[in-house]
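Now for the letters of each chain:
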Amino acid sequence: QNSMENENVDGDASEQYAANRSYWIFHAIIMGIAWGVMAPLAVGAAVWRNRLEDYDRKALWSRLHFTLNLSVGIFTLLGFVLAVLASRDTEGSGLFPAGSMDKVHG
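The rules behind the values
- Residues numbered from 1 in each chain as written.
- Predicted model: local features only at pLDDT ≥ 70, side-chain atom pairs only at ≥ 80, totals over all residues.
- Heavy atoms only, no water.
- Helix = DSSP H or I, 4+ residues; strand = E, 2+ residues; numbered from the N terminus.
- Buried < 20%, exposed > 50% of the residue type's maximum accessible area, 1.4 Å probe, protein only.
- Contact = heavy atoms within 4.5 Å.
- Core = buried A, V, L, I, M, F, W, Y, C linked by side-chain atoms within 4.5 Å.
- Patch = residues over 30% accessible without salt bridge, like charges linked within 9 Å, V, L, I, M, F, W, Y side chains within 5 Å.
- Areas by Shrake-Rupley, 256 points an atom, 1.4 Å probe, with all protein chains shown as cover.
- Salt bridge = Lys/Arg side-chain N within 4 Å of Asp/Glu carboxyl O.
- Polar contact = N/O pair within 3.5 Å; in protein donor to acceptor, adjacent residues only side chain to side chain.
- pLDDT = per-residue confidence, 0-100.

**As for the overall build of the protein chain**
So, point 1. Counting its regular elements, the protein chain contains four helices and zero strands.
So, point 2. Going from N to C terminus, the protein chain has its helices and strands arranged as α-α-α-α.
So, point 3. Of all 106 residues assigned to the protein chain, the portion counted as buried reaches 19%.
So, point 4. Once local pairs closer than 6 in sequence are excluded, the contacts in the protein chain between residues at least 24 apart make up 68%.

**Observations concerning the nonpolar core**
So, point 1. One finds Ala34, Met38, Ala39, Ala42, Leu68 and Val72 forming the largest nonpolar core, which totals six residues.
So, point 2. Within the residue set of this core, elements represented by two or more residues are α1 (2-47) and α3 (60-86).
So, point 3. Examining the composition of this core, we find that four residues originate from one element, α1, more than from any other.
So, point 4. For Ala42, the contacting residues outside a window of four places in its chain are His65, Leu68 and Asn69.
So, point 5. Counting residues in each nonpolar core, the second largest holds five residues, with Ala45, Leu52, Leu60 and Trp61 among its members.

**Observations concerning a nonpolar patch on the surface**
So, point 1. On the surface, Ile25, Phe26, Ile29, Ile33, Val37, Leu41 and Leu78 cluster together to form a nonpolar patch covering roughly 580 Å² of accessible area.
So, point 2. If you tally residues by element for the nonpolar patch, the top one is α1, at six residues.
So, point 3. Looking at the element boundaries, Ile25 is found in helix α1.
So, point 4. A relative accessible area of 42% means that Ile25 is categorised as partly exposed.

**Observations concerning the environment of Ala45**
So, point 1. Mapped onto the elements, Ala45 comes out in helix α1.
So, point 2. Note: C-alpha distance between Ala45 and Arg63 (18 residues apart in sequence) is 9.0 Å.
So, point 3. Excluding residues that lie within four positions of it along the chain, Ala45 makes contacts with Leu52, Trp61, Leu64 and His65.

**Digging into the side chain of His27**
So, point 1. Counting through the fold element by element, His27 comes out in helix α1.
So, point 2. Each residue touching His27, except ones within four places of it in the same chain, is listed here: Gly79, Leu82 and Ala83.

**Let's talk about the side chain of Asn20**
So, point 1. Along the chain, the position of Asn20 falls in helix α1.
So, point 2. Classification of Asn20 by relative accessible area gives buried; the value is 10%.
So, point 3. Among the polar contacts listed, one links the side chain of Asn20 to the backbone oxygen of Ala86, at a separation of 3.3 Å.
So, point 4. Those residues within four positions of Asn20 in sequence are excluded, and the remaining contacts are Leu85, Ala86 and Arg88.

**Concerning the confidence of the model for the protein chain**
So, point 1. When the pLDDT values of the protein chain are averaged, the result is 79; 69% of them are 70 or greater.
So, point 2. Per-element mean pLDDT across the protein chain ranges from 59 in helix α4 (residues 102-105) up to 94 in α3.

What follows is the structure in structure tokens.
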């Protein structure tokens, strides 16, 4: 019976690891898109505003810059939430494991 309990605990831990791994992968994808694609495009829209104004006089660069920066903020917030979810341990004690803050507080 003891080995059965150990198998259940190991099974629960591996399921939690798999769930957390999925969160980390999604976190990496979201943050990569936000900071590797959208943020540079937002900067590019500002840098190339003169050329974009030649193409479209309706402040295309400003709309692109604003929308991309807003998207970066939203994606970053989502990525942060995913990182917090992924940091939960198998007992669900939250971001910081039990006893990890003892060094900070005393």
